[in-house]
Amino acid sequence: NETDLNKKIKGIFMLKDFTKLETFLIVVKEKSFSKASAKLGISQPAVTQQIKYIEDYLDSKIIERRKNGIKLTKEGEDFYKIVIRLSKSIQQAEKDILKIINKEFTFKLGSTFTIGHYILPQNLDKLKSIIKNDVFITIDKPDRIKNLLIDRQIDLAITDIHIDEYGIISREWFDDELVIFSNQPIPPILSKDDLFRFNWICREEESPTRQLVSEAFDEMNIDCSSFNIKGIVDNSTLAKESILQQNKNQVIPTVSMISRTAIQKDIKQKRLFEARLQDKMISRKLYVSYHKNRIKEVFMNKIINFIFNIKID
């Protein structure tokens with residue numbers, strides 16, 4: 001009926017205009033209509049009118065006046081819990097809006113394991129200071145990072161794959177050399193025959209690193225399926241940790257392949273030892289990718305320039 005319709009319309013306006021709900025919260029906090037009036041800077045009848053407006057909409061008594069203050073009814077207590085949740089949401093929304101006004105944000109960067117674990121961490125603080133905001137890094141497999149960028153869940157991606165999608169720019173960053181490594185001393189230069197004298201920790205077949213290494217071995221007529229494979233891992237961090245956990249006194253060294261950038265500190269500390277192939281250098285391109293329409297953003301340009309100026313040992 002018309003009365004119910006008017007009540008619904010009034011309720012919609014009440015929720016959009018938080019003033020009346022805020023008055024209700026002040027009355028509850030102060031436990032007094034007169035104190036709420038003083039705090040809000042409005043007359044006591046105005047406070048009473050706003051509370052009545054809410055009660056008319058709810059068709060329920062929510063506050064009982066007593067000599068020593070006020071008391072919420074059962075309906076009032078339920079309503080109070082709802083308004084508190086709404087108030088917190090509004091306060092958080094206001095903070096988020098202020099972040100936009102003040103250019104405060106968290107820059108979301110996605111990378112593959114080698115980059116995220118061994119290159120970015122030592123440059124993170126400087127990157128934060130340059131853009132004067134927080135930086136959040138997601139580390140995952142290349143295809144996962146690619147999808148996050150396409151879906152705009154991250155602002156920029158650094159991977160070992162070229163992201164060939166409409167509206168996305170992928171720029172070559174640097175050539176990342178892969179080396180053979182072990183936790184035991186091994187010859188720094190290895191022949192094809194040497195490769196069959198080791199135990200191997202290999203990458204999973206679907207990984208870009210495994211595909212790159214397999215292609216390089218194929219060109220050298222090396223059948224890596226004949227290697228003595230002890231285990232298979234799905235990222236560079238696991239490959240490194242697997243090698244570090246091997247028994248250093250075993251007769252046959254266990255080896256794997258990894259980016260040189262991931263093990264430089266361990267090489268210097270003699271925790272790990274690296275080797276190259278006699279007639280072949282295996283390397284891959286690393287790419288910085290981002291949406292084309294963001295290149296005009298000042299902070300994006302700062303980040304991209306910073307990344308391309310990182311010195312890789």
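About the criteria used
- Residues numbered from 1 in each chain as written.
- Predicted model: local features only at pLDDT ≥ 70, side-chain atom pairs only at ≥ 80, totals over all residues.
- Heavy atoms only, no water.
- Helix = DSSP H or I, 4+ residues; strand = E, 2+ residues; numbered from the N terminus.
- Expected span 1.5 Å × (residues − 1).
- Buried < 20%, exposed > 50% of the residue type's maximum accessible area, 1.4 Å probe, protein only.
- Core = buried A, V, L, I, M, F, W, Y, C linked by side-chain atoms within 4.5 Å.
- Contact = heavy atoms within 4.5 Å.
- Pairing = 2+ DSSP bridges.

## Section: helix H2 (residues 19–30)
Here is step 1 of the chain: With 12 residues, H2 should cover 16 Å at 1.5 Å per step; its first-to-last C-alpha distance of 16 Å lies within 8% of that length.
Here is step 2 of the chain: Among all positions in H2, only Lys20, Leu21, Thr23, Phe24, Leu25, Ile26, Val27 and Val28 are buried.
Here is step 3 of the chain: At the exit of H2 stands Lys31, carrying a positive phi of roughly 60 degrees.

## A closer look at the environment of Lys265
Here is step 1 of the chain: Looking at the secondary structure, you find Lys265 in helix H11 (residues 264–268).
Here is step 2 of the chain: On a C-alpha basis, the gap between Lys265 and Tyr118 in space is 9.8 Å, while along the polypeptide they are 147 residues apart.

## Notes on the nonpolar core
In summary, soluble globular proteins display a tendency toward joint burial of nonpolar side chains.
Here is step 1 of the chain: The biggest cluster of nonpolar side chains holds 22 residues, and the ones touching the most others in it are Phe107, Leu109, Leu156, Ile158, Trp173 and Ile307.
Here is step 2 of the chain: Mapped onto this core, the elements with two or more residues apiece are strand E3 (106–111), helix H6 (113–119), helix H7 (124–131), strand E5 (156–159), strand E6 (168–182), strand E12 (282–291) and helix H12 (298–308).
Here is step 3 of the chain: Excluding residues within four positions of it along the chain, Ile307 makes contact with Leu109, Leu156, Ile158, Trp173 and Val288.
Here is step 4 of the chain: With 20 residues, the next largest nonpolar core counts Ala216, Val255, Leu277 and Ile282 among its residues.

## Some points on the pairing of E12
In summary, the side chains of a regular strand alternate between the two faces of the sheet.
Here is step 1 of the chain: Across the 10 residues of E12, eight count as buried, placing the element largely inside the fold.
Here is step 2 of the chain: Bridge count between E5 and E12: three bridges; the pairing is antiparallel. The residue bridging Ala157 from the neighbouring strand is Ser289, located in E12.
Here is step 3 of the chain: Pairing of E6 with E12, which is carried by 10 bridges, proceeds in the antiparallel orientation. For Ile168, the partnering residue across the bridge sits in E12 and is His291.

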